[in-house]
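Secondary and tertiary structure notes
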Amino acid sequence: MTDRLNPEGLRYAQAVAETRSFSAAARAYGVTQPALSNGIAKLEERLGGKLFDRSPRGVARTAFGARMLPLIERAVLALDAVAAEARRLTEPGGQRIRMGVSPLIGPHLVARAFGTVRDLPAPRDLVLREDDMHDLRGALREGELDIILIPAVAAMPRFEHRVIDVEPIVVISPGTDAPDSNGPGPGTGDTHGGGSDGGAPLELADAARERFILVPDACGLTTFTRQLFRAGEIPLRTYAGEAASYRVLEDWSRLGLGSALVPRSKLTSPDVPHRPLVDAGREVQISFEAVWSTESPLAADLLHLADALAAARR
């Protein structure tokens, strides 16, 4: 056995120990399952024993793993502490909070974040980066971002999470009557809510009859849609192509290519035909969360920021 251990393998092993799933751990790290399995296999080879047993009932620690995994967890925490301390020493007195946001995050949340950082005990500047979820999670792990705001659709082991907002999901469908344009809507004023919905609510169970247009699985909306249907054990019929933006979803729906699910704030206008999506009569909502590391030198400010965003949740 060599004394040199790959930190990546250590992180993969800890993620599997926390999620009890190779597939969930791979999703959390944004890698393929074979890549994660290969990383753990190399680690096991260097350690000289198997860490996990896989069976139809799931993933379980071996006796060897039960002894080694607590040590692996401490090693990963120590590595993170080294990186955090290096950032603190090389950026003394830094006044910035680097925040990553998914394209699915509404402007009301970003505006709320700017207001919150100005009220911190030591006021800071907020530097924004909008990017795909995979890249945002990677930047957070590498210390390139301090906090990210993303849909709550994928686990990130070892990071702190706080749900900061929920938003109704609406259905854009061909042939839906337009909403009352005299009422307030998500395209005017407060982009987060309000507005008349354009038709009778669509029950999730009835959505199996619809064909849905999806966007590339980058912002988290397609992941949310697939998880929603899977949880309800409802077949998801999809259009063969993919839309590049939320506006294109609306355009293609108008052409009759299919329906689309979007958070209500992502409607480009209150006049876009849409209906509420409900599950057994209850409004279907998507949750958004703040994710950050408790090992960050800014951990106290990040906690304050996340708590303030959550407290202002409507």
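Residues numbered from 1 in each chain as written. Predicted model: local features only at pLDDT ≥ 70, side-chain atom pairs only at ≥ 80, totals over all residues. Heavy atoms only, no water.

Quick notes on the packing of aromatic side chains
Put simply, the test is: Aromatic pairs are defined between Phe, Tyr and Trp rings, using the six-membered ring for Trp, whenever the two ring centres lie within 6.5 Å; interplanar angles under 30 degrees are classed as stacked, those over 60 as edge-to-face, and all others as tilted. The way it works is that DSSP assigns letters per residue, a run of H or I at least four long becomes a helix, a run of E at least two long becomes a strand, and they are numbered from the N terminus. Whether a residue is buried, partly exposed or exposed follows from its accessible area with a 1.4 Å probe, protein chains only, as a fraction of its type maximum: under 20%, in between, or over 50%, in that order.
Within this structure, the stated rule accounts for four aromatic pairs. Judged by centre distance (5.9 Å) and plane angle (80°), the ring pair of Phe22 and Phe52 falls under edge-to-face. On the criterion of sequence distance, the pair formed by Phe22 in helix α2 (residues 22-29) and Phe52 in strand β1 (residues 52-55) is long-range, its members being 30 residues apart. Looking at Phe52, the relative accessible area reads 4%, which means it is buried. A ring pair is formed by Phe212 and Phe229, whose centres lie 5.5 Å apart and whose planes are at 70°; its orientation type is edge-to-face.

Examining the packing of helix α1 (residues 7-19) against α2
As a reminder of what qualifies: Axis lines are fitted through C-alpha atoms, for helices just across the contact stretch, and the angle between N-to-C directions can take any value from 0 to 180 degrees. Working definition: roughly parallel below 35 degrees, roughly antiparallel above 145 degrees, roughly perpendicular at 65 to 115 degrees, and oblique for all remaining angles. We call a crossing left-handed when the near helix sits turned anticlockwise from the far one by less than a right angle, and right-handed when that turn is clockwise. Throughout, a contact is declared for two residues whenever any of their heavy atoms are within 4.5 Å. The classification used treats Ala, Val, Leu, Ile, Met, Phe, Trp, Tyr, Cys and Pro as nonpolar, Asp, Glu, Lys and Arg as charged, and all other residues, Gly among them, as polar.
Packing of α1 against α2 leaves a shortest axis separation of 8 Å and a crossing angle of 125°. In terms of orientation, α1 and α2 fall into the oblique class. Regarding α1 and α2, the two cross each other, and that crossing is right-handed. Note on element contacts: α2 touches α1 through Phe22, Ala24, Ala25 and Tyr29, opposite Arg11, Tyr12, Ala15, Val16 and Thr19. When grouped by side-chain class, the residues that make up the contact of α1 with α2 number seven nonpolar, one polar and one charged.

Thoughts on the layout of surface pockets
The cut-off we apply is this: Here a cavity denotes a set of grid points, spaced 1 Å apart and computed over the protein atoms alone, in which a 1.4 Å probe fits but from which it cannot get out, and a pocket denotes an open set meeting protein on both sides within 12 Å along at least five of seven lines; residues with an atom within 4 Å of a point are reported as lining. Grid points are joined across faces, edges and corners, and a volume is the space filled by probe spheres set on the points.
Estimates place the volume of the largest pocket at around 560 Å³. Lining the largest pocket are 27 residues; nearest its centre among them are Arg11, Asp80, Arg141, Glu142 and Arg158. Looking at the lining of the largest pocket, the elements that each hand over two or more residues are α1, α4 (63-90) and α6 (133-141). The greatest single-element share of the lining of the largest pocket, amounting to six residues, is contributed by α4. Class assignment of the residues belonging to the lining of the largest pocket gives a composition of 11 nonpolar, five polar and 11 charged. The space that makes up the second largest pocket amounts to roughly 430 Å³. Lining the second largest pocket are 19 residues, and of these Arg27, Arg137, Ala154, Asp217 and Thr223 sit closest to its centre. Where the lining of the second largest pocket is concerned, the elements lending two or more residues are α2, α6 and α7 (221-231). Of the residues in the lining of the second largest pocket, the class split is nine nonpolar, five polar and five charged.

Overview of the pattern of salt bridges
Note the following rule: Salt bridges are defined by distance alone: a side-chain nitrogen of Lys or Arg within 4 Å of a carboxyl oxygen of Asp or Glu.
Throughout the structure, instances matching the rule amount to 10 salt bridges. In this structure, Lys50 engages Asp53 in a salt bridge whose closest nitrogen and oxygen atoms are separated by 3.5 Å. In this structure Asp53 comes out as partly exposed when scored by relative accessible area, which is 39%. The salt bridge involving Asp301 is made with Arg124; its shortest N-O contact spans 2.6 Å. Residue Asp301 is found in helix α9 (residues 299-311), and its partner Arg124 is found in the loop between α5 (107-118) and β4 (125-130); the two are separated by 177 residues along the sequence. Looking at Asp301, the relative accessible area reads 12%, which means it is buried. Through salt bridges that share partners, Arg129, Asp131 and Glu144 make up one connected network.

Examining helix α3 (residues 33-47)
In an α-helix, one turn spans 3.6 residues; hence positions three or four apart end up facing the same way. We count it as follows: Multiplying one less than the number of residues by 1.5 Å gives the expected span of a helix. The arc under discussion is defined with respect to the helix axis, by the directions toward the C-beta atoms.
Over its 15 residues, α3 runs 21 Å from end to end, which matches the ideal 21 Å to within 8%, given 1.5 Å per residue. Taken as a whole, α3 has its buried residues at Leu36, Ser37, Gly39, Ile40, Leu43, Glu44 and Leu47. Buried residues in α3, looked at end-on, bunch into an arc of 160°, giving them a common side. Along α3, the residues that are exposed and aim more than 90 degrees away from the buried face are Pro34 and Glu45.

Thoughts on unusual backbone geometry
Unusually for a residue other than glycine, Arg20 sits at a positive phi of about 55°. Residues other than glycine seldom take positive phi values, yet Ala280 does so here, at roughly 55°. One can find Ala280 in the loop between β11 (275-279) and β12 (282-283).

Digging into the environment of Ala35
By the element assignment, Ala35 lies in helix α3. The exposure class of Ala35 is partly exposed, given its relative accessible area of 37%. Residues Ala35 and Tyr12, 23 residues apart in the sequence, show an inter-C-alpha distance of 9.8 Å.

Quick word on the pairing of strand β9 (residues 237-242)
Selection rule: DSSP bridges decide pairing: two strands pair if at least two such bridges lie between them. Orient the strands so they point away from the viewer; a crossover is then right-handed if the path from the first strand over the helix to the second runs clockwise.
Pairing between strand β8 (residues 211-214) and β9: three bridges, direction parallel. In the strand pairing of β9, Phe212 is matched with Thr238. A crossover connection joins β8 to the parallel β9 through α7; in handedness this β-α-β unit is right-handed.

Points about the packing of α5 against α9
Where α5 meets α9, the closest approach of the two axes is 10 Å, and the angle between their N-to-C directions is 130°. Taken together, the axes of α5 and α9 are oblique relative to one another. For the pair α5 and α9, the sense of crossing is right-handed. Contact residues: α5 offers Leu109, Arg112, Ala113, Thr116 and Val117, while α9 offers His304, Leu305, Ala308 and Leu309.

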